[in-house]
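Geometric and topological summary
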Amino acid sequence: IVLSSIEAIGGYLIKVIFKEELWNYTNHKFHIGRYTSFEMILIWGLSSILFFYIIKPIVDKFINKIPKFLSLVCISLFILDIIITFVIKT
């Protein structure tokens, strides 16, 4: 329900802000408005279950093997990159 709500709100905001329509489910049999449908709610739900119960545990095993020091170095470089990018852009 949360992902389908985000999809519906995102579709509406894209239409209002950018005057573009990137997806439209009015041709689906069980559409709910323009930007979501019952079929997509099922797909988002199944995708969420797949992600949280299968993919996330596998990824967590790899993430837990990364040394904390390396994580801090990467975060520091990322923050430095953001600062430099904004300074150069302005």
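Placed above this text is the structure.
Every value quoted in this text rests on a predicted model; they were computed, and no experiment measured them. (Residues numbered from 1 in each chain as written. Predicted model: local features only at pLDDT ≥ 70, side-chain atom pairs only at ≥ 80, totals over all residues. Heavy atoms only, no water.)

Considerations on the environment of Ile-82
As a reminder, the rule being used: Segments assigned H or I by DSSP are reported as helices when at least four residues long, segments assigned E as strands when at least two residues long, and all are numbered from the N terminus.
With respect to the helices, strands and loops of the structure, Ile-82 is situated in helix H3 (residues 68–89). With 68 residues separating them in the primary sequence, Ile-82 and Ile-14 have C-alpha atoms 26 Å apart.

Side note on the pattern of salt bridges
Any two side chains of opposite charge can pair, on the condition that their charged atoms come close. Note the threshold: By definition here, a salt bridge exists when the distance from a side-chain nitrogen of Lys or Arg to a carboxyl oxygen of Asp or Glu is within 4 Å. Three labels apply to residues, based on accessible area from a 1.4 Å probe with only protein chains included: buried if under 20% of the type maximum, exposed if over 50%, partly exposed otherwise in between.
Following the criterion strictly, the structure yields two salt bridges and no others. We note a salt bridge from Glu-21 to Arg-34, for which the minimum N-O separation is 3.3 Å. Of this pair, Glu-21 sits in the loop between helix H1 (2–18) and strand E1 (31–32) while Arg-34 sits in the loop between E1 and strand E2 (36–37), and the two are 13 residues apart along the sequence. Take Glu-21: its relative accessible area is 31%, and that puts it in the partly exposed class.

Examining the packing of aromatic side chains
By convention here, two paired aromatic rings are described through the distance between centres and the angle between planes. The criterion, for reference: We call Phe, Tyr and Trp rings a pair once their centres come within 6.5 Å, taking the six-membered ring for Trp, and we label the pair stacked below 30 degrees between planes, edge-to-face above 60, and tilted otherwise.
This model, assessed by the stated rule, comprises two aromatic pairs. Ring centres 6.4 Å apart and planes at 80 degrees place the aromatic pair Phe-30 and Phe-38 in the edge-to-face group. Judged by its relative accessible area of 46%, Phe-30 falls in the partly exposed class. Look at Phe-38 and you get partly exposed, because its relative accessible area is 42%. Aromatic pair Phe-51 and Phe-52: ring centres 5.3 Å apart, planes at 80 degrees, arrangement edge-to-face.

Here we look at the environment of Gly-10
By secondary structure assignment, the location of Gly-10 is in helix H1. Look at Gly-10 and you get partly exposed, because its relative accessible area is 21%. In sequence terms Gly-10 and Glu-21 are eleven residues apart; their C-alpha atoms lie 10 Å from each other.

A few points about the side chain of Glu-7
The condition is simple: By the counting rule applied here, Lys and Arg register as positive and Asp and Glu as negative, while His and the ends of each chain are not counted. Definition of a polar contact: a pair of N or O atoms within 3.5 Å, with one able to donate and the other able to accept a hydrogen when the atoms are protein atoms, and with sequence-neighbouring residues admitted only if both atoms are side-chain atoms. Here, residues are in contact when the closest pair of their heavy atoms is within 4.5 Å.
Counting through the fold element by element, Glu-7 comes out in helix H1. At 13 Å, Arg-34 is the nearest oppositely charged side chain to Glu-7, a buried residue that forms no salt bridge. One polar contact links Glu-7 to Thr-36, side chain to side chain, over a distance of 3.4 Å. Those residues within four positions of Glu-7 in sequence are excluded, and the remaining contacts are Trp-23, Tyr-25, Tyr-35, Thr-36, Met-40 and Trp-44.

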